[in-house]
Amino acid sequence: MEAEALQPTALTKMTLLFASSLTVMASALISPALPALATYFANDAHVGLWVRLTLTLPALFMVIAAPLAGFFSDHVGRRPTLLISALLYGIGGTAGALFNHLPPILITRALLGLGAGGLMTAASA
């Protein structure tokens, strides 16, 4: 007797759809704010580089996180990977509002990329 495959519910499908869309939002949402960031941090050295990194750093960390999340989801499970990645995404996405210096903002953007890479991998799996 073969095991019957579970059919995903509408809530499961919606959750996976929304989780997949978060990966696109990681970089897209900050793009309109880049000129304002450059103006606000105009006195910082290398402000142009730092501000551009706020846009590209999440993508770099997505590339780093995706294989690790794949390994983690194979050994621990997809649901824990999805939940931990969503938590990292949430913390990384909101923590930047709490800082007044670019280096901590860049760290939170890297955390956002780690979460997005995990979300992308777990939602696809």
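Described below are features of the structure shown in this document.

Parameters at a glance
Residues numbered from 1 in each chain as written. Predicted model: local features only at pLDDT ≥ 70, side-chain atom pairs only at ≥ 80, totals over all residues. Heavy atoms only, no water. Patch = residues over 30% accessible without salt bridge, like charges linked within 9 Å, V, L, I, M, F, W, Y side chains within 5 Å. Areas by Shrake-Rupley, 256 points an atom, 1.4 Å probe, with all protein chains shown as cover. Salt bridge = Lys/Arg side-chain N within 4 Å of Asp/Glu carboxyl O. Helix = DSSP H or I, 4+ residues; strand = E, 2+ residues; numbered from the N terminus. Buried < 20%, exposed > 50% of the residue type's maximum accessible area, 1.4 Å probe, protein only. Axes fitted to C-alpha atoms, helices over the stretch in contact; angles between N-to-C directions. Parallel < 35°, antiparallel > 145°, perpendicular 65-115°, else oblique. Contact = heavy atoms within 4.5 Å. Nonpolar A, V, L, I, M, F, W, Y, C, P; charged D, E, K, R; others polar. Core = buried A, V, L, I, M, F, W, Y, C linked by side-chain atoms within 4.5 Å. Expected span 1.5 Å × (residues − 1). Bend = angle between axes of the 7 residues up to and from the residue. Left-handed = near helix turned anticlockwise from the far one by under 90°.

### Thoughts on a nonpolar patch on the surface
- A contiguous nonpolar patch, built from Met 14, Leu 17 and Phe 18 and spanning about 310 Å² of accessible area, is present on the exposed surface.
- Mapping Leu 17 onto the fold places it in helix 1 (residues 10-28).
- Relative accessible area serves as the criterion here: at 51%, Leu 17 is assigned to the exposed category.

### Some thoughts on the packing of helix 3 (residues 47-75) against helix 4 (residues 78-95)
- Direction vectors running N to C along helix 3 and helix 4 enclose 135°, while the axes themselves pass 7 Å from each other. Judged by the inter-axis angle, helix 3 sits oblique to helix 4. Taking contact as the criterion, the partners of Ala 69, Phe 72, Ser 73 and Asp 74 in helix 3 are, on helix 4, Arg 78, Thr 81 and Ile 84.
- Grouping the constituent residues of the contact of helix 3 with helix 4 by class yields three nonpolar, two polar and two charged.

### With respect to the pattern of salt bridges
- Taken as a whole, this structure holds one salt bridge when the rule is applied.
- One salt bridge in this structure joins Asp 74 and Arg 78, with 3.6 Å as the shortest N-O distance.
- Judged by its relative accessible area of 56%, Asp 74 is exposed.

### Notes on the nonpolar core
- Listed in full, the ten residues of the largest apolar core are Ala 19, Ala 26, Met 62, Leu 82, Tyr 89, Leu 112, Ala 116, Leu 119, Ala 122 and Ala 123.
- In terms of residue count, the dominant contributor to this core is helix 5 (residues 102-124) (five residues).
- Setting aside anything within four residues of it in sequence, one finds Ala 122 in contact with Arg 78, Thr 81 and Leu 82.

### Quick word on unusual backbone geometry
- Although it is not a glycine, His 46 sits at a positive phi angle of roughly 60°.
- Relative to the elements of secondary structure, His 46 occurs in the loop between helix 2 (34-40) and helix 3.

### Overview of helix 3
- Along its 29 residues, helix 3 runs 41 Å from first to last C-alpha, staying within 8% of the 42 Å computed at 1.5 Å per residue.
- Along its length, helix 3 shows its largest kink, about 45°, at Leu 55, and proline Pro 58 lies within four residues downstream of that point.
- Of the residues making up helix 3, those classed as buried are Val 47, Val 51, Thr 54, Leu 57, Pro 58, Met 62, Ala 65, Ala 66, Ala 69, Gly 70 and Ser 73.
- Looking at the packing, one finds that the buried side of helix 3 touches helix 1, helix 2, helix 4 and helix 5.

### Notes on the packing of helix 4 against helix 5
- Put simply, helix 4 and helix 5 touch, their axes get as near as 7 Å, and they point 155° apart. Judged by the angle between their axes, helix 4 and helix 5 are roughly antiparallel. Every pair of crossing elements has a handedness; the one defined by helix 4 and helix 5 is left-handed. Together, Arg 78, Thr 81, Leu 82, Ser 85, Ala 86, Leu 88, Tyr 89, Ile 91, Gly 92, Gly 93 and Ala 95 of helix 4 and Thr 108, Leu 111, Leu 112, Gly 115, Ala 116, Gly 118, Leu 119, Ala 122 and Ala 123 of helix 5 make up the contact between the two elements.

### Some details on the environment of Gly 70
- With respect to the helices, strands and loops of the structure, Gly 70 is situated in helix 3.
- Look at Gly 70 and you get buried, because its relative accessible area is 18%.
- Each C-alpha atom, one on Gly 70 and one on Ala 125, is 8.4 Å from the other, the two residues being 55 residues apart in sequence.

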